[in-house]
Amino acid sequence: MINITCLAIHSVDNYPGMPKWRFSLSFAYLQAYATKSPLYPLMKFTPLNFYENNDFPNIINHVVESNPDVLAISCYVWNFNTIQKVIPIIKEKLPLVKIVLGGPQFSEDSTKIIKENKLVDYVVIGEGEVTFTELLEYLINKSEVGAEHIDGLMYFDKNKKEAVITNKREVIQDLDEIPSPFTLKIIDDEFSEGLVAIETQRGCIQNCAYCNYQKGFKKLRYFSIERVVADLKKIMEKKPKQIYLMDPSFNSNQKRAKTILSTIIEHCKDVKHKPFINAEMIPDLLDEELIKLSKDSGMTILEAGIQSLNPKALTTMGRMRIENKLFENIGLALKYNLQVVPQIIFGLPGDNINSFFSTFDQIYNLKTEHLDVFHLLILPMTRYRNDADIYGIEYEAEPPYKIIRNNDFSKEEISRLAGFTKLVLASLPMKFVICDLCEEKDCKPHETFLKFNKLNKKIDEFKWPIQTEEDKNKVVKMLDELHEFLCNQYLLDLSEEKQEEFKQRLSKSKRESQFLLIGHFMGVKKVKETKSE
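Residues numbered from 1 in each chain as written. Predicted model: local features only at pLDDT ≥ 70, side-chain atom pairs only at ≥ 80, totals over all residues. Heavy atoms only, no water.

*Asks:* How do you make sense of the overall build of the chain when you look at a structure like this?
*Replies:* Helices and strands together make up the secondary structure of the chain, namely 18 helices and 17 strands. In terms of overall dimensions, the chain is globule-like: its C-alpha atoms have a radius of gyration of 24 Å, near the 24 Å expected for 533 residues. Projecting the C-alpha coordinates of the chain onto the three principal axes gives extents of approximately 85 × 55 × 45 Å. The buried share of the chain, taken over its 533 residues, is 55%. For the chain, the exposed area adds up to about 24,100 Å²; of that, 50% sits on carbon and sulfur atoms. (Helix = DSSP H or I, 4+ residues; strand = E, 2+ residues; numbered from the N terminus. Rg over C-alpha atoms; globule rule 2.2 N^0.38 Å. Buried < 20%, exposed > 50% of the residue type's maximum accessible area, 1.4 Å probe, protein only. Areas by Shrake-Rupley, 256 points an atom, 1.4 Å probe, with all protein chains shown as cover.)

*Asks:* Would you mind showing me how to read the sheet that holds strand S13 (residues 299-307) here?
*Replies:* Each strand in a sheet pairs with its neighbour through backbone hydrogen bonds, running either in the same direction (parallel) or in the opposite one (antiparallel). Strand order in the open sheet formed by six strands is S8-S11-S12-S13-S14-S15, and the pairing between neighbours is parallel. Of all strands in the sheet, those bounded by a partner on one side alone are strand S8 (195-198) and strand S15 (372-375). Adjacent strand axes in the sheet meet at a mean angle of 20 degrees, parallel and antiparallel pairs treated alike. In the sheet, S8 pairs with strand S11 (residues 242-245) via four bridges, with the strands oriented parallel. Counted as the bridge partner of Leu195 is Gln242 from S11. Against the sheet, helix H11 (residues 353-364) makes contact with S13, strand S14 (339-346) and S15, and its axis sits at roughly 170 degrees relative to S14, the strand it touches most. (Pairing = 2+ DSSP bridges. Axes fitted to C-alpha atoms, helices over the stretch in contact; angles between N-to-C directions. Contact = heavy atoms within 4.5 Å.)

*Asks:* Before we go on, may I ask you to explain a negative patch on the surface in this structure?
*Replies:* Residues Asp174, Asp176, Glu177 and Glu226 make up a contiguous surface patch of negative charge. Mapped onto the secondary structure, Asp176 falls in the loop between strand S7 (162-165) and S8. (Patch = residues over 30% accessible without salt bridge, like charges linked within 9 Å, V, L, I, M, F, W, Y side chains within 5 Å. Salt bridge = Lys/Arg side-chain N within 4 Å of Asp/Glu carboxyl O. Lys, Arg positive; Asp, Glu negative; His and termini not counted. Charge placed at Lys NZ, Arg CZ, Asp CG, Glu CD.)

*Asks:* Please clarify how unusual backbone geometry should be interpreted in this entry.
*Replies:* Residues apart from glycine generally show negative phi values, whereas peptide bonds are mostly found in trans. Geometrically, the link from Pro399 to Pro400 is a cis peptide bond, its omega value of 15 degrees lying close to zero. Here Pro400 is to be found in the loop between strand S16 (394-395) and strand S17 (403-405). Positive phi, close to 70 degrees, is recorded for Gln307, a residue that is not glycine. Residue Gln307 is classed as buried on the basis of its relative accessible area of 6%. The backbone phi angle of Asn337 is positive, close to 65 degrees, even though this residue is not glycine. Looking at the element boundaries, Asn337 is found in the loop between helix H10 (323-335) and S14.

*Asks:* Hey, could you run me through the packing of aromatic side chains in this one?
*Replies:* We describe a pair of aromatic rings using the distance from one ring centre to the other and the angle between the two ring planes. Within this structure, the stated rule accounts for 16 aromatic pairs. Consider the rings of Phe360 and Phe449, whose centres lie 6.3 Å apart with planes at 75 degrees: the pair is edge-to-face. Taken as a pair, Phe360 in helix H11 and Phe449 in helix H16 (residues 445-455) lie far apart in primary sequence, 89 residues in all. When the ring centre of Tyr29 is taken as reference, the NZ or CZ atom of Arg202 above it lies at 5.4 Å. (Phe/Tyr/Trp six-rings, centres within 6.5 Å; stacked < 30°, edge-to-face > 60°. Lys NZ or Arg CZ within 6 Å of the ring centre and 35° of its normal.)

*Asks:* Help me understand the sheet that holds strand S2 (residues 43-51) in this model?
*Replies:* Spatially, seven strands are ordered S2-S1-S3-S4-S5-S6-S7 in an open sheet, and the strand pairing comes out mixed. The sheet terminates laterally at S2 and S7, the two strands that pair on one side only. Averaged over all adjacent pairs, the angle separating strand axes in this sheet is 20 degrees, with direction ignored. Two strands pair when backbone bridges link them, and strand S3 (residues 70-74) and strand S4 (residues 98-102) are joined in this way by five bridges, in the parallel orientation. Within S4, the residue paired with Ser74 across the bridge is Gly102. Along the sheet face, helix H2 (residues 56-66) touches strand S1 (2-10), S2 and S3 and points at about 170 degrees away from the line of S2. Against the sheet, helix H3 (residues 80-93) touches S1, S3 and S4, its axis set at about 170 degrees to S4.

*Asks:* Would you mind showing me how to read the environment of Tyr395 here?
*Replies:* Positionally, Tyr395 belongs in strand S16. Taking the C-alpha atoms as reference points, Tyr395 and Ser355, separated by 40 residues in sequence, lie 21 Å from one another. Not counting residues up to four positions away in its chain, the partners in contact with Tyr395 are Ile378, Arg385, Ala388, Tyr401, Lys402, Ile403 and Ile404. In this structure the side chain of Tyr395 is engaged in a polar contact, spanning 3.3 Å, whose partner is the side chain of Arg385. (Polar contact = N/O pair within 3.5 Å; in protein donor to acceptor, adjacent residues only side chain to side chain.)

*Asks:* Please clarify how the pattern of salt bridges should be interpreted in this entry.
*Replies:* Pairing of side chains with opposite charge becomes possible as their charged atoms draw close. Applying the stated criterion to the full structure yields 21 salt bridges. The partner of Glu127 in a salt bridge is Arg202, and the shortest N-O contact between them spans 2.9 Å. Of this pair, Glu127 sits in the loop between strand S5 (122-124) and helix H5 (129-141) while Arg202 sits in strand S9 (residues 201-202), and the two are 75 residues apart along the sequence. Note that Arg221 and Glu127 form a salt bridge whose closest N and O atoms lie 2.9 Å from each other. With Arg221 in strand S10 (residues 221-222) and Glu127 in the loop between S5 and H5, the pair connects residues that are 94 residues apart, well separated along the chain. Note on accessibility: Arg221 and Glu127 belong to one class, buried.

*Asks:* Where do I start with the nonpolar core in this structure?
*Replies:* Inside soluble globular proteins, nonpolar side chains tend to come together where they are buried. Membership of the largest hydrophobic core comes to 113 residues, with the highest contact counts inside it found for Phe356, Phe360, Tyr384, Phe420, Met478 and Leu486. Here this core gets nine residues from one element, more than from any other, and that element is helix H17 (residues 469-490). Here Tyr384 is in contact with Ala209, Tyr210, Ala313, Thr316, Met317, Leu348, Pro349, Leu376, Ile378, Tyr391 and Ile393, once residues within four sequence places are set aside. Counting 28 residues, the second largest nonpolar core, distinct from the first, contains Ile9, Ile83, Phe106 and Ile125. (Core = buried A, V, L, I, M, F, W, Y, C linked by side-chain atoms within 4.5 Å.)

Interpretation note: all reported values are geometric properties and have no functional meaning in isolation.
Given below as structure tokens:
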């Protein structure tokens, strides 16, 4: 018997009311595929789920208590620094454990990681189901045939004193070859009344230079519609609070997307319990039928990856866009009362600070409650990472690999935009009143935030998203100061009636911002103090 502990360290979600992750979908797929092995009866899987802000001793103690022969860790930009810190302590307490890393953090160019982390035994590169199963079989059999014959693997050869990378692992073309973790009950009660994710496809029709999702494989691959429908029915029997359709572009195939949403609608039409749905879609590919189905299915959050409105930035990143459909479709989604979350990125090659502000103003002025502004990350296996010299890109050496500068943005501009973004996201409940004030004063939203930033030098004194009591108090105070700034700078020359109206709206939205912030922090604090259920 071989004991396999699967350690997942999830990111803390910033959406209010988002349920906690109680399982890792990636590890569920790994175990599901391992059931095809004749040696599966000799494998015992123990899942451990934590969050990025969990205390190290809490993580380490649970790993040690599980007494693994193999410790598998799923690595992402948000957790890799933590993982590198806990590995030496775990190895000290469990010197015989085999540590296996995997996830999008790794590529054929990751030899530095295996050389600098001699305590790591193996790294799985690319799609992991087949490679991980073959590795477990190898460890069980203790075969004389070396690990060099397992495709998609990297390890340090202590005899040759060099990193070894085996042949590239080909992807699974027919995703139905991966048994369903829902049918096998690998994922069963973990999401009852909570959050469940399901993957309906792999790959993406976009080919963005900042994204490593495709991992070099451009062809879209799908789980059959019969498999997806069957899994959804099993999921909904457990009455989850929220279903996350975990595809980079759920509407890459409109017909499939409509069938999946229709299945959810059909299953829920005669039941009291209706889960919330969350999906990311390409906004310019939406149509009214899909939007209506999304609404009827219970979709609450529709993430809309816009990234930039600058044609040069879009061309440089390789992202297609149907310009005349973008705002039309977002407006249509809002008409159906979908919570659209537009997403944009600062620091993109081909963009610049002025055109970014132009993008920001247009997106901020949309009648959406939410907005995401991301700092460009230069991830492994992306064109921006590979062509960094061409674009003059300098980025942080450690995860999450934030861009520092490029040919179009100076270091000072990137730093300025990082502070600008923190203020925008912290004050989101004030968004509608700020837009209306800007319209009254004939100014642009970005100008308002920059003017406040110039007068308030405390933006750089806290980290975002907040993780500490000290940072929470700083942001609460900053929101008081933003409220005072807007009242003093923007209301004085308005009529008394409008002054009173805006004062009430500003006060109410400021309090909402602070309450949301405090509520989110209390959730973060609770997550930090306990292991994910």
